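Overview (structure and organization)
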Amino acid sequence: MTSLQSYVRGQWIAGSGDPVTLHDPATEAVLGDVRPGGIDHAVALHHARTVGGPALRAMTFVQRAEMLKAIASLLHERRDELIEISGRNGGNTRGDAKFDLDGASGTLAFYAQLGASLPAGNVLPDGSGTQLGRTPRFWGQHVLVPRPGVAVHINAFNFPAWGMGEKMACALLAGVPVIEKAGTPSAMLAHRIAQIVVESGKVPEGAFQFVAGSVSGMLDHLGPMDTVAFTGSSVTGALIRGNKNLVAKNVRVNIEADSINPAILGPDVESGTDTLEQFLANVAVDMTQKAGQKCTAVRRILVPQAMVAEVEESLIERLRAVRIGNPLDGDVRMGPVASKDQLRDVRAGIDRLAAVADVRLGGSAPMQDKGYFVSPTLLRARDAGAPVIHELEVFGPCATIVPYSGEVAAAIDLCNRGGGGLVASAYSDDRSFVEALVAGIAPWHGRVWLGSEKTQGQALGPGAVLPATIHGGPGRAGGGEELGGLRGLHPYLQRTAVQGDRAVVARSFGLETG
Ligand code: NAP
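The structure presented is a predicted model; accordingly, all values stated were derived computationally and were not measured. (Residues numbered from 1 in each chain as written. Predicted model: local features only at pLDDT ≥ 70, side-chain atom pairs only at ≥ 80, totals over all residues. Heavy atoms only, no water.)

Turning next to the overall build of the protein. Within the protein one finds 15 helices and 23 strands. In summary, the protein has a C-alpha radius of gyration of 24 Å against a globular reference of 24 Å for 514 residues, a match within 12%. Considering only residue pairs separated by 6 or more positions, the protein has 75% of its internal contacts joining residues 24 or more positions apart. Mean positive and mean negative side-chain charge positions of the protein (47 and 51 charges, respectively) differ by 7 Å. (Helix = DSSP H or I, 4+ residues; strand = E, 2+ residues; numbered from the N terminus. Rg over C-alpha atoms; globule rule 2.2 N^0.38 Å. Contact = heavy atoms within 4.5 Å. Lys, Arg positive; Asp, Glu negative; His and termini not counted. Charge placed at Lys NZ, Arg CZ, Asp CG, Glu CD.)

In structure tokens:
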């Protein structure tokens, strides 16, 4: 049995304290454990700031981009081994594992390509300069410079590869060393990736450290140049945001939390159209991919009254066709949820929804004796406005049809009851409906994904997070923002306005001003 180790100050260190057992969620077999203690947090932070940071900043953006490219290639080379670990310790089918792993290597490769086109050196101009005095002699220019701190990345269990990969891509390209904390239930995959990164020798000493265990105490040692990027539930996010030291030192904190993502079917969409097909296919994928354990998965399915029966029937047919079982079996399309706790929470969540909605498929009853399996569960709201439907994230293969009148104002009102979301998806070929809907829901959602006849087959569905556009959302979604091309580097860079003699301003940073 493996007890996962942390990589701190150039050494693999065994954890201490009460072990948390890691399981194969399909068989409940014990695979290993994680022990929360054993790391001197202050030492890890000091090492990152004094060894890793300077080494990274001695490189240019372009050199750091080459480093990301090398890591992306390594992960791709080891894909089969990593898929196997993801299946065993995460309950992921081959397809689900690839979604996570290719998300990681793809995002690293994206930032490698983006970094290759950045200016030499370590300074990025932010916009063009501006005249500040009576003549252009006195000039102002915003610049972005790497912060001499450390990035503490706290990752959720559901994307052990992608979550870590996307965060480290941005921080390392910016020139900031990382300490990666894995979500415990699926930590074996993140741990293996950490081993691959360390063994590659591609990342300078101190620029990459890995924690299998707890980082709670670490937050008390962070300072003004450091950044915390957290992904997980809104409850843990609020705890982190409220950490006294982080508040006192104004440490940058980016929170990516949970979201009751809506999918809206427009009132114009009729039977047999490509737009309806796209809607049904995307909702069914979101409900079952990674057994519904995606922060971007659809949880509320807004359907005009007239189409409710047809949508429900079609979704039930699609969900029934999904083969459920051990994810390592090639024909299986949906595995178990990741842990026993997750199973308990999902079943309890389905029961809470069932108090205000009719269960049309699935439910909270155990599926089989062994393994943390949940049936795909489709509910239909009896009362579209019942708060629990808009407020409770059931992090599993579960969503609720919410009937609405077909009026855009009603759709906007229901969508925004989620209190701030990561992504809303809408399917319609009625431009006036779509324009009014986007205007009404955009402030409450980090991403609005629009499906129509013309987009059928053109792109991945709304559940996929792409590095070129931002990920994150307001309110309960955490209020954070990640990715979005160069924007993804901003949490790790300081924006400074440099004001003075135009020639001196330009020379200071090797920039062309104006
Ligand atoms: P979680 O329980 O909130 O844990 C998230 C991370 O925080 C884990 O690494 C966890 O470590 C750590 N943590 C827990 N308590 C902490 C504390 N007091 N101080 C510092 N770190 C602490 O969430 P989860 O169950 O792993 O993930 C599922 C949730 O994440 C869902 O709600 C999902 O919607 C959300 N999520 C959001 C996004 C997004 O991008 N917005 C992406 C993926 C998932 P341990 O595992 O060791 O407890």
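Time to look at the pattern of salt bridges. When their charged atoms lie close together, side chains carrying opposite charge are able to pair. In this structure the tally under the stated criterion is 21 salt bridges. Of the charged contacts, one joins arginine 417 and aspartate 413 as a salt bridge, the two residues approaching to 2.9 Å between their closest N and O atoms. Given a relative accessible area of 36%, arginine 417 falls into the partly exposed group. Aspartate 413 gets classed as partly exposed once you look at its relative accessible area, which sits at 36%. (Salt bridge = Lys/Arg side-chain N within 4 Å of Asp/Glu carboxyl O. Buried < 20%, exposed > 50% of the residue type's maximum accessible area, 1.4 Å probe, protein only.)

A word on the site of the ligand. By nearness alone, 25 residues border the ligand, and Thr184, Thr236, Ala257, Glu393 and His471 come closest of all. The separation between an oxygen atom of the ligand and a polar main-chain atom of asparagine 155 is 2.7 Å. Alone, the ligand offers 920 Å² of accessible surface; in the complex the protein occludes 81% of this. Broken down by class, the residue content of the shell around the ligand amounts to 11 nonpolar, 10 polar and 4 charged. (Near = heavy atom within 4 Å. Polar contact = N/O pair within 3.5 Å; in protein donor to acceptor, adjacent residues only side chain to side chain. Areas by Shrake-Rupley, 256 points an atom, 1.4 Å probe, with all protein chains shown as cover. Nonpolar A, V, L, I, M, F, W, Y, C, P; charged D, E, K, R; others polar.)

Quick look at the state of the cysteines now. Overall, the coordinates contain 0 disulfides when judged by the stated rule. Lacking any disulfide linkage, cysteine 170 is separated from the closest cysteine sulfur, that of cysteine 295, by 15 Å. Free cysteine: cysteine 398, not disulfide-bonded; nearest cysteine sulfur from cysteine 295 at 16 Å. (Disulfide = S-S within 2.5 Å.)

On to the packing of aromatic side chains, then. In total, this model carries 7 aromatic pairs according to the counting rule given. Consider the rings of tyrosine 7 and tryptophan 12, whose centres lie 5.0 Å apart with planes at 50°: the pair is tilted. Assessed through its relative accessible area of 9%, tyrosine 7 is described here as buried. According to the relative accessible area criterion, tryptophan 12 is partly exposed, its value standing at 30%. Between phenylalanine 99 and phenylalanine 159, the aromatic rings sit 6.0 Å apart at their centres with planes inclined by 50°, giving tilted as the arrangement. In this pair, phenylalanine 99 sits in helix 4 (residues 94-116) while phenylalanine 159 sits in the loop between strand 9 (151-154) and helix 5 (162-174), placing the two residues 60 residues apart along the sequence. The exposure class of phenylalanine 99 is partly exposed, given its relative accessible area of 25%. If you follow arginine 64 out to its NZ or CZ, it ends over the ring of phenylalanine 61, 4.8 Å from the centre. (Phe/Tyr/Trp six-rings, centres within 6.5 Å; stacked < 30°, edge-to-face > 60°. Lys NZ or Arg CZ within 6 Å of the ring centre and 35° of its normal.)

This part is about the sheet that holds strand 5 (residues 30-34). As summarised here, the arrangement of the 3 strands in space is 1-5-4, forming an open sheet in which the pairing is mixed. Both outer strands of the open sheet, strand 1 (2-3) and strand 4 (20-23), are each paired with one neighbouring strand and no more. Sheet analysis places strand 1 next to strand 5, joined by 2 bridges and oriented parallel. Opposite serine 3, over in strand 5, you have aspartate 33 as the bridge partner. (Pairing = 2+ DSSP bridges.)

With that out of the way, let us pick up the environment of glutamine 63. Mapped onto the secondary structure, glutamine 63 falls in helix 2 (residues 61-77). For the pair glutamine 63 and alanine 112, spaced 49 residues apart in the sequence, the C-alpha separation amounts to 9.3 Å.

For strand 2 (residues 5-8) and strand 3 (residues 11-14), the ladder comprises 4 bridges, and the chain directions are antiparallel. Each residue of the ladder has a partner; that of serine 6, found in strand 3, is isoleucine 13. Turn length for the strand 2-strand 3 hairpin, with the two strands adjacent in sequence and antiparallel, is 2 residues, and the turn residue arginine 9 shows positive phi of about 50°.

A word on the pairing of strand 12 (residues 227-231). Most of strand 12 is tucked away: 4 of the 5 residues are buried. Note that strand 9 and strand 12 share 4 bridges and pair parallel. What sits directly across from isoleucine 154, in strand 12, is phenylalanine 230. Two strands pair when backbone bridges link them, and strand 12 and strand 13 (residues 252-256) are joined in this way by 5 bridges, in the parallel orientation. By the bridge assignment for strand 13, threonine 227 is matched with arginine 252.

Turning to unusual backbone geometry, a few remarks are in order. One non-glycine residue, alanine 291, lies in the positive phi region at around 50°. Here alanine 291 is to be found in the loop between helix 9 (274-288) and strand 15 (298-304).

Between its terminal C-alpha atoms helix 2 stretches 24 Å, which fits the 24 Å expected from 17 residues at 1.5 Å a residue. Contact partners of the buried residues in helix 2: helix 1 (41-57), helix 3 (79-90), helix 4, strand 6 (124-125), helix 5 and helix 6 (187-200). (Expected span 1.5 Å × (residues − 1).)

The 7 strands lie next to each other as 16-17-18-15-14-19-20, forming an open sheet whose pairing is mixed. Edge positions in the sheet fall to strand 16 (357-361) and strand 20 (445-451), since each has one partner strand and no second. Adjacent strand axes in the sheet meet at a mean angle of 25° when their direction is disregarded. Pairing of strand 17 (residues 377-381) with strand 18 (residues 398-404), which is carried by 4 bridges, proceeds in the parallel orientation. Bridged to arginine 380 within strand 18 is isoleucine 401. (Axes fitted to C-alpha atoms, helices over the stretch in contact; angles between N-to-C directions.)

The quantities given are spatial measurements derived from coordinates; they are silent on function.
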